[in-house]
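Chain by chain, the residues:
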Amino acid sequence: MQTEIPCMLMRGGTSKGLYFLASDLPEDINKIHDVLLAAMGSPDERQIDGVGGAHPLTSKVAIVSKSTSSDADVDYLFMQVSVDKAEVSASQNCGNLLAGVGAFAIETGLVDASEGSTDVRIRMLNTGSVTTSTVVTQSGKVVYEGNARIDGVPGTAAPVNLYFQNIAGSSCGSLLPTGNPVDLIDGFRASCIDNGMPVVILDANEFGKTGYESPDELESDLPLKDLIEAIRLKAGALMNLGDVSKKTVPKMCLVASARNGGLISTRNFIPHRVHEAIGVLGAVSVASACIIAGSVANSVSNADLSPGKHTIDVEHPTGFFTVEITSESIAGETRIISSALLRTARKIMQGSVFIPSKVWNPN
Ligand code: NQM
């Protein structure tokens, strides 16, 4: 016997995952974990017995429901399903899967489509922040085709515009959770920042790296990975995240001078595999760090520190991620007001995922 659960497989930005209505899943969180592990085929390096794509970027889940809050239309809970471990974590947001949430909400009737475009206000339950996602819609339906292009995804698609306000300290309590633009951890300069995603920014050169290595090259450097993980565990505690040994945050970002016309070059450990591009809120945090005096990102990029609107091109292994950041300066301290960026998303499959009924049998 198998249990059949309705869902959609969608690409959100440069990631891919299953999108569920919360009402189609169990209420108990531990049961939800079991269901998601079975749906994705974890734990198994190949995820051969499920729909997971054998990489953290394709082993993601969005759980969506009508919002219980008056400032949002829908609630979105993000779950990272480990590939090779029986672990499911809600310790982080995911801005890439977020790009598909507006479309999913319209497709499932949680939000009515307007003519031309529809603004969907999404509460990210992982941190409580609200974002506005603008989705192209026509005649009551989501439009997926269009001319928008994002690096890391072949071809073009309809644009999804994401707008974030007041997301500083969403997981750690403040933009600079250690109180400093730079700390020394294990002898390395580290900028700990949270503007939507806790990220530790490190200068690649201090680790004997150019910062332009491929994800494969960095992943096969085991001493480097051990060194970065040791710093991560210490940084997690300093960033008010507690013991992060089983959490997917903070992310670890090696930065170097831009070399393709952007402002800064990045390689991101998320936290154990290396991203083929960069996460959405990860990019927002790195871009924010660029305009903070004294940070590693600022010294490497030499960014303009003046308050106002900055368009920041963050380079990554497969191109650029452009973030528009608006900041102000209060008593000499930089405050990030909002950020805006472009993503695309696409419904790939709609149907049911089947899991063994011994995992969950609602009947
Ligand atoms: O930072 C990968 C992704 C992400 C997260 C990760 C993301 C974000 O690319 O908002 O999108 O860092 O785990 O999906």
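Being a predicted model, the structure only gives us computed values, none of them experimental.

The rules behind the values
Residues numbered from 1 in each chain as written. Predicted model: local features only at pLDDT ≥ 70, side-chain atom pairs only at ≥ 80, totals over all residues. Heavy atoms only, no water. Helix = DSSP H or I, 4+ residues; strand = E, 2+ residues; numbered from the N terminus. Buried < 20%, exposed > 50% of the residue type's maximum accessible area, 1.4 Å probe, protein only. Near = heavy atom within 4 Å. Polar contact = N/O pair within 3.5 Å; in protein donor to acceptor, adjacent residues only side chain to side chain. Areas by Shrake-Rupley, 256 points an atom, 1.4 Å probe, with all protein chains shown as cover. Nonpolar A, V, L, I, M, F, W, Y, C, P; charged D, E, K, R; others polar. Domains from an automatic or database assignment. Contact = heavy atoms within 4.5 Å. Buried area = accessible area lost by both parts, 1.4 Å probe. Salt bridge = Lys/Arg side-chain N within 4 Å of Asp/Glu carboxyl O.

Draft legend 1. How the structure looks around the side chain of Ser 327. The residue Ser 327 is located in strand β16 (residues 319-330) in this model. Since its relative accessible area comes to 6%, Ser 327 is described here as buried.

Draft legend 2. Seen up close, the site of the ligand. Around the ligand, the structure places 15 residues, and the nearest of them are Ser 15, Gly 95, Asn 96, His 275 and Leu 281. Within the contact set of the ligand, an oxygen atom lies 2.6 Å away from a side-chain nitrogen or oxygen of Ser 15. Between the ligand and the protein, one listed contact pairs an oxygen atom with a side-chain N or O atom of Gln 92 at 3.3 Å. Coverage of the ligand by the protein chains reaches 98% of its 350 Å² of free accessible surface. Broken down by element, the residue count for the shell around the ligand peaks at 3 residues, all from helix α5 (residues 280-290). The class makeup of the residues in the shell around the ligand is 6 nonpolar, 7 polar and 2 charged.

Draft legend 3. How the structure looks around the domain arrangement of the protein chain. Taken domain by domain, the protein chain consists of domain 1 (2-164 + 345-356) and domain 2 (183-330). Here domain 1 and domain 2 have C-alpha centroids that lie 25 Å from each other. In this complex, domain 1 contributes 16 residues to the contact, which on the side of domain 2 involves 21 residues. Roughly 1400 Å² is buried in total at the junction of domain 1 and domain 2, and carbon and sulfur atoms are behind 60% of that figure. Among the residues of domain 1 in contact with domain 2, Leu 57, Gln 92 and Asp 151 are the three that bury the most area, contributing 31% of the side total. The interface formed by domain 1 and domain 2 contains 0 salt bridges. Taken together, domain 1 and domain 2 are joined by 4 residue pairs in polar contact (both at pLDDT 80 or more). Its residues placed into classes, the side of domain 1 that touches domain 2 shows 4 nonpolar, 10 polar and 2 charged.

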